[in-house]
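Overview (structure and organization)
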Amino acid sequence: MKDPTVALKAKINELYASGPGLVGRTHKMQAFIMELALHAKTRNPNFKIIPQDAAALAFVDGDVNKGVLPDLISLVDGWGKEGLLLSGNGVTPTSEQAAYIALAQQGLMVTETSTVNSVAQLQDYYRRAENWGIIPYPRIGGTLAQQLFPGKRWAPNGDYFWVEDPATIGLGGRIDGTRNVRNLTDARNYLYNINGRPFDAWSTWDDEEAAALAEGEPDRTRITDSYGNGLLVPSPGGPYRPAGDAAVVQSAIAQYGDEWDWWWRAAGLDENAGRETWLNALRNSDYDVIYIDSFYNHRALPANQTPLTRAEIESLKHKPDGGRRQVIAYLSVGSAEQNRWYCQDDWVWIDPTNPNTERSMKSGKIVNSVYSPPENAPAWLALGYGGNYAEEAVVQWWNPEWRDIIINGGSPYANIATGDNTSSIDRIISQGFDGAYLDNVGVYNRTSGGGGWNAFEAYWLAHGGIPGEDHPYIPVGTVNPGNRQAHLDFAIVSANGKGYSVYLKKADAQGPFTPYGNVNYDAKGVHIKGLTNGTQYLAYVQRNAGGKISRTETVSFTAGSH
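Let me sum up the structure you'll find in this document. Please read these numbers as outputs of a predicted model, since none were measured by experiment.

Overview of the overall build of the chain
- Helix and strand counts for the chain stand at 14 helices and 26 strands.
- At 24 Å, the chain has a C-alpha radius of gyration in line with the 24 Å of a compact globule built from 562 residues.
- Viewed in the frame of its principal axes, the chain has a C-alpha envelope of about 80 × 50 × 45 Å.
- For the chain, with 562 residues in total, the buried portion stands at 56%.
- Contacts in the chain between residues far apart in sequence, at least 24 positions, make up 69% of those at least 6 positions apart.
- When the accessible surface of the chain is summed, it comes to about 22200 Å², and 50% of that surface belongs to carbon and sulfur atoms.
- Taken together, the 48 basic and 61 acidic charged side chains of the chain have centroids lying 7 Å from each other.

Some remarks on the pairing of strand E25 (residues 548-551)
- Pairing geometry for strand E24 (residues 536-545) and E25, over four bridges, is antiparallel. Residue pairing across strands places Arg 543 opposite Ser 550, the latter belonging to E25.
- Following E24, the chain reverses through two residues before pairing antiparallel with E25; Gly 546 in that reversal takes a positive phi of roughly 65°.

Remarks on the sheet that holds strand E1 (residues 48-51)
- On the basis of which strands lie adjacent, the open sheet formed by five strands has the order E1-E17-E9-E8-E5 and parallel pairing. Across the chains shown, the open sheet's two edge strands, defined by having one partner strand only, are E1 and strand E5 (190-193). Taken pair by pair, the neighbouring strands of this sheet meet at an average axis angle of 20°, ignoring direction.
- Of the strand pairs in this sheet, strand E9 (residues 326-332) and strand E17 (residues 435-439) are connected by five bridges, and their pairing is parallel. Each residue of the ladder has a partner; that of Leu 331, found in E17, is Leu 438.

A word on the pattern of salt bridges
- Per the counting criterion, the structure on display carries 34 salt bridges.
- With a shortest N-O distance of 3.0 Å, Arg 174 and Glu 130 are connected by a salt bridge. You can see Arg 174 sitting in the loop between helix H6 (142-148) and E5 and its partner Glu 130 sitting in helix H5 (residues 119-132), a full 44 residues away along the chain.
- A residue is classified by how much of its surface remains accessible, and Arg 174, at 9% relative accessible area, is buried.
- The partly exposed category is assigned to Glu 130, whose relative accessible area is 48%.
- Note that Glu 337 and Arg 340 form a salt bridge whose closest N and O atoms lie 2.8 Å from each other.
- For Arg 340, a relative accessible area of 8% gives the class buried.
- Several salt bridges share partner residues, and in doing so they unite Arg 197, Asp 219, Arg 222 and Asp 225 into one network.

Quick notes on the sheet that holds strand E15 (residues 381-384)
- Read from one edge of the open sheet, three strands run E10-E16-E15, paired in antiparallel fashion. Every interior strand has two partners, whereas the edge strands, strand E10 (335-337) and E15, have only one. Shown here is a sheet whose adjacent strand axes are inclined to one another by a mean of 45°, direction ignored.
- Pairing between E10 and strand E16 (residues 392-395): three bridges, direction antiparallel. Paired with Ser 335 across the bridge in E16 is Val 394.

Some thoughts on empty space enclosed by the protein
- Following the criterion strictly, the structure yields two cavities of 30 Å³ or more and no others.
- Volume-wise, the largest cavity comes out at about 130 Å³.
- Lining of the largest cavity is provided by 14 residues; of these, Phe 295, Leu 331, Arg 340, Trp 341 and Ser 424 occupy positions nearest its centre.
- Those elements that place two or more of their residues in the lining of the largest cavity are E9 and helix H13 (424-431).
- By residue number, the principal contributor to the lining of the largest cavity is H13, which donates four residues.
- Here the residues of the lining of the largest cavity are counted per class, giving seven nonpolar, four polar and three charged.
- Here the second largest cavity defines a volume of roughly 30 Å³.
- Every residue lining the second largest cavity is listed: Tyr 137, Pro 138, Arg 139, Ile 140, Asp 159, Tyr 160, Phe 161, Trp 162, Glu 164 and Tyr 192.
- Considering every element that reaches the lining of the second largest cavity, the biggest residue donor is strand E4 (residues 135-140), with four residues.
- Taken together, the residues of the lining of the second largest cavity break down into seven nonpolar, no polar and three charged.

Description of the environment of Val 395
- Positionally, Val 395 belongs in strand E16.
- Classification of Val 395 by relative accessible area gives buried; the value is 0%.
- Expressed as a C-alpha distance, the spacing of Val 395 and Ala 167, which sit 228 residues apart in the sequence, is 39 Å.
- Ignoring anything within four residues of it in the chain, the contact list for Val 395 reads Val 333, Gly 334, Ser 335, Ala 336, Trp 380, Leu 381, Ala 382, Trp 402 and Trp 453.

Side note on helix H1 (residues 4-16)
- An ideal rise of 1.5 Å per residue puts 18 Å on 13 residues; H1 measures up with 19 Å between its terminal C-alpha atoms.
- What H1 keeps buried is the set Thr 5, Leu 8, Lys 9, Lys 11, Ile 12, Leu 15 and Tyr 16. Mapping the buried residues of H1 onto a view down its axis gives an arc of 160°, with all of them on the same face.
- Of the surrounding secondary structure, the elements contacted by the buried residues of H1 are helix H2 (22-43), helix H3 (70-73), helix H12 (400-408) and strand E18 (476-482).

So, how was this worked out
- Residues numbered from 1 in each chain as written.
- Predicted model: local features only at pLDDT ≥ 70, side-chain atom pairs only at ≥ 80, totals over all residues.
- Heavy atoms only, no water.
- Helix = DSSP H or I, 4+ residues; strand = E, 2+ residues; numbered from the N terminus.
- Rg over C-alpha atoms; globule rule 2.2 N^0.38 Å.
- Buried < 20%, exposed > 50% of the residue type's maximum accessible area, 1.4 Å probe, protein only.
- Contact = heavy atoms within 4.5 Å.
- Areas by Shrake-Rupley, 256 points an atom, 1.4 Å probe, with all protein chains shown as cover.
- Lys, Arg positive; Asp, Glu negative; His and termini not counted.
- Charge placed at Lys NZ, Arg CZ, Asp CG, Glu CD.
- Pairing = 2+ DSSP bridges.
- Axes fitted to C-alpha atoms, helices over the stretch in contact; angles between N-to-C directions.
- Salt bridge = Lys/Arg side-chain N within 4 Å of Asp/Glu carboxyl O.
- 1 Å grid on protein atoms, 1.4 Å probe; cavity = no way out; pocket = protein on both sides within 12 Å on 5 of 7 lines; lining within 4 Å.
- Points joined across faces, edges and corners; volume = space filled by probe spheres on them.
- Nonpolar A, V, L, I, M, F, W, Y, C, P; charged D, E, K, R; others polar.
- Expected span 1.5 Å × (residues − 1).
- Arc of directions from axis to C-beta.

Take it as geometry only, folks, not as evidence of what the structure does.
Here it is in structure tokens:
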């Protein structure tokens, strides 16, 4: 029987081989999504993949009029979007809305979240979602926030920090705590909670706010900023005064007084209970699908972050009334973030102008339409993210170094504290998540800000070639596991194995890939021996040809299976 993954890998490699320009970048992002999905589903066939934004990627050449790209559609389970439903007249879909409606008609779960500021807008939002087959989650802001959460929310734009009561935000009719959601098409609702900021490390809040105030820039006390939305509340005897928009702050103080405190302390919660409070809020909700970060203390630096445990993830998979839900991990694949496991200290700089964190990411810059690469940082930190997100950089996602970080593992950029270089997607799978929500896939079409990708490509084509494109992976054909062994077929140059090394790790084990010596090479590839039956492994082969390093993609297999 022919291995169906062989044709998929060939299509992925074909798309990655596309040239510069918008269509080429479209192909390369399609390839990236497919490569990640195939890698994940090889480990866990039930693992769900949900890209976020840029539904055009689901279509041939990114053109909705050409129909869906079948190979990509076969590998994804849903699609997400922010700020989609409320544009247009709500009767005739806009061209962008039509693309997502088409995906829902293809049988994908399509989720959407928008900021909603009034009761009338909320009703219109739900009407559109129902008519177009899209699953909604409103982020409550403006006057509606004060109506639904009096004395707690003042920001004009909603946030995704809180585990909202579905009844409060009008989702009660979509809730069924006994509903089993094993396929995403079973879902009728979802929770968009991709940043657990209200629950992060409460014991640090006072010291961090004192430091921020000493520098003249309030942090969590900014009640009109979505980043501080709901963190500070009126509380008799509280030590803080709210900051933010002067008129809103003055009105809030007139109504509630000038003594405020952190929401959790006002609620009488212990400063060390943030993690369990967040997990209990998730456990006690009846959402069918929840999107969350895979780390608890999301704001901490890479050396101090603590991922959610497998037991914690398992505890979230059933609603209070017994129904199975899907627990999906957030993963940014189009941007690098300063607080993720892979970030190295020399990729960041201390930035006093960043309102979110003192550390900003280095990146390539465009000044007067002229591109310059990042200094003393990887070339694939290609562009600044823009907006209020200086702590992120847009990445050249098709560069093999980034693909190693997100998909394949074995990157030289290991966690600075643990040395672990397991990929982001393999970490998420090993944690026990049901799937991954792939953010920032839409960065492929950035051409503003003085040229964006056009300026990046023009610079590198004039300076020796686009980074990483001269180092393609050595493709692996088939993987044949057997009794305490496995054979990896690939285009080997030297059948005696000269210059080749195998790197191996148990799939669910923490820690880096390490060289593995119990192998034999032959004309078809490498035979790996001495394995434990029933154990899933991750492996790749590296070749050193006179100092030029190349490698295969990472493959997964279970010894003893056929």
